[in-house]
Amino acid sequence: NPFGSSASDSSPLSVDAQALQKQIDELSTFSDTPAPSVTRILYTENDVLARRYIKNLMGLAGLSVREDAVGNIFGRWDGYEPELTAVATGSHIDAIPYSGKYDGVVGVLGAIEAINALKRSGFKPKRSLEIILFTSEEPTRFGIGCLGSRLLAGGETLAEALKTMVDGQNISFLEAARSAGYARGEDDLSSVFLKKDSYSAFVELHIEQGPILEDEVSIGIVTNIAAPASIKVDFEGNGGHAGGVLMPDRNDAGLAAAELMLAVENHVMGSGSIDTVGTVGILELHPGAINSIPSKAHLEIDVRDIDEDRRNAVIKKIHNSAKAIAKKRYVTLSEFKIINQDPPAHSEKSIIEATEAASKELKLTRKYMVSRAYHDSLFMARISPMGMIFIPCYKGYSHKPEEYASPKDIENGVKVLALTLAKLSLS
Ligand code: GLV
Ligand code: MN
Ligand code: MN
Ligand code: MN
């Protein structure tokens, strides 16, 4: 039997792939942009409605639900030895602008279905099993990726910063959180921190967001998560009339930004490794009029690598280029701020082995792989042994509306998750 010796009366796992697909489709309707795109931003009305939808499903699955001060949501199934540390799983349901309906969602709705499948099979957990819905994995609103899990892992600096943080509309974090029903009585968010030994294991199910698994194998077993960093840069010049100011008399902040964008590409490609990636996904010019020379340019740069030192060396080069470009173009580099510069994380051997054994029992082909996207698992790894299960997605598409994972691949992933959780619960 698939559950180990102490659960010999269990019947095989059956995942209701149809019901799960229906839930994925329903959740995608809580969106600020039209289908097939999904946009679900932290603490907005659609985020609150989507959270309510998840809490309801957790309740129907018989889980006891609690929420912390920033809206991380926990659904627990008590084990028969509840004093043992629990095994956790989970992911996020926030969605960046114009993205798809599977990123994160598969790891939350899939986890609830995994629990339902385990219950139907007659399985009884020894260690409690807990599903976590993490607040704001995406950095969209406040510029901080994995906000919820970063705090859970004891992010002191972040807890302090959140007291005064504002979004692009100048709405404070605390005000936004309160509008969604969180952070009621407190400005101090350190209540969110989890103790270091809260979980004996954390395992996250997620779509691959890359092209390796498709057409090759069913399950990806993540060995490590690449180290992300993000940087905000501002250039300032004099601006002026697009007709009146002659070219030699300009100091165009927009051109400085353009040059820096190319420098980012250059430094990243010159790192010596294909594993270094860099993206300038935000470029804002002020005042943003066709007949006005940009007097301010704002860029946000994302740099990642599986090698932390190599990534940091690239960031240094980008900083040097920003200074040199400002000098050459007579603009001011008014900000070069590293928002976060996180180390990579490694999966725990025992969790990799549990997932490996689970996929073998289910006769699913598998592959070890690196996660180049970051995930809440990156931060859970700071307080718990961590592992991740990837499923294939169409052409590796993600962070765009064409994102797609087949019901069969999702079903496989949920089964592997369920079996992995069962094994870890009994260990
Ligand atoms: C989060 O979605 C990331 O950028 O990896
Ligand atoms: Mn994402
Ligand atoms: Mn994600
Ligand atoms: Mn991600």
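What counts and how
Residues numbered from 1 in each chain as written. Chains lettered and ligands numbered in written order. Predicted model: local features only at pLDDT ≥ 70, side-chain atom pairs only at ≥ 80, totals over all residues. Helix = DSSP H or I, 4+ residues; strand = E, 2+ residues; numbered from the N terminus. Buried ≥ 20, exposed ≤ 12 C-beta atoms within 10 Å, placed from the backbone. Contact = placed C-beta atoms within 7 Å. Pairing = 2+ DSSP bridges. UniProt positions renumbered as here; feature names shortened; annotations may be inferred. Axes fitted to C-alpha atoms, helices over the stretch in contact; angles between N-to-C directions. Parallel < 35°, antiparallel > 145°, perpendicular 65-115°, else oblique. Left-handed = near helix turned anticlockwise from the far one by under 90°. Nonpolar A, V, L, I, M, F, W, Y, C, P; charged D, E, K, R; others polar. Near = placed C-beta within 6 Å. Core = buried A, V, L, I, M, F, W, Y, C linked by C-beta atoms within 7 Å.

Further remarks concern the overall build of the chain. When its secondary structure is counted, the chain shows 11 helices and 17 strands. Its C-alpha atoms give the chain principal-axis dimensions of roughly 85 × 50 × 40 Å. Every one of the 427 residues in the chain was classed for burial, and the buried ones make up 49%. Counted over contacts in the chain with a minimum sequence separation of 6, partners at least 24 positions apart contribute 79%.

This paragraph deals with the pairing of strand β2 (residues 64-67). Each regular strand carries side chains that alternate between the two faces of the sheet. The pairing of β2 with strand β3 (residues 73-77) spans four bridges and is classified as antiparallel. When the bridges of β3 are listed, arginine 66 appears paired with phenylalanine 74.

Here the focus is the UniProt feature "domain: Peptidase M20 dimerisation" (unreviewed entry) in the chain. What UniProt calls "domain: Peptidase M20 dimerisation" (unreviewed entry) maps, in this numbering, to residues 229-328. The straight-line gap between the two end C-alpha atoms of residues 229-328 is 27 Å; of that span, 38% is helix and 32% is strand.

Moving on: the packing of helix α9 (residues 349-361) against helix α11 (residues 407-426). Their axes nearest at 8 Å, the elements α9 and α11 cross at an angle of 125°. In terms of orientation, α9 and α11 fall into the oblique class. The chirality of how α9 crosses α11 is right-handed. Only Val416, Leu419, Thr420, Lys423 and Leu424 of α11 make contact with α9, whose side of the interface consists of Ile351, Ala354, Thr355, Ala357, Ala358, Ser359 and Glu361. Classifying every residue of the contact of α9 with α11 by side-chain character gives seven nonpolar, three polar and two charged.

It is worth spelling out the sheet that holds strand β9 (residues 227-236) at this point. Two strands in a sheet stick together by hydrogen bonds in their backbones, pointing the same way (parallel) or opposite ways (antiparallel). One open sheet holds the four strands; their spatial order is β11-β13-β9-β14, and the pairing between them is antiparallel. On the outer flanks of this sheet lie β11 (277-286) and β14 (332-341), each paired with one strand and no other. Sheet twist, expressed as the average angle between the axes of neighbouring strands with direction ignored, equals 15°. Pairing geometry for β9 and β14, over eight bridges, is antiparallel. Paired with valine 233 across the strands is phenylalanine 336, a residue of β14. On top of the sheet, helix α7 (residues 253-269) reaches β9, β11 and β13 (296-305); it is set at about 10° to β13, its chief contact.

It is worth spelling out the site of ligand 1 at this point. Contacts to ligand 1 come from Glu138, Gly145, Ala373 and Tyr374. Counted by class, the shell around ligand 1 contains two nonpolar, one polar and one charged residues.

Attention now moves to the nonpolar core. By size, the foremost hydrophobic cluster in this structure holds 96 residues, and its most contacted members are Val106, Ala114, Ile115, Ile389, Leu417, Ala418 and Leu421. Among the nonpolar cores identified, the runner-up in size contains 21 residues, and Ala257, Ile318, Ala322 and Ala326 belong to it.

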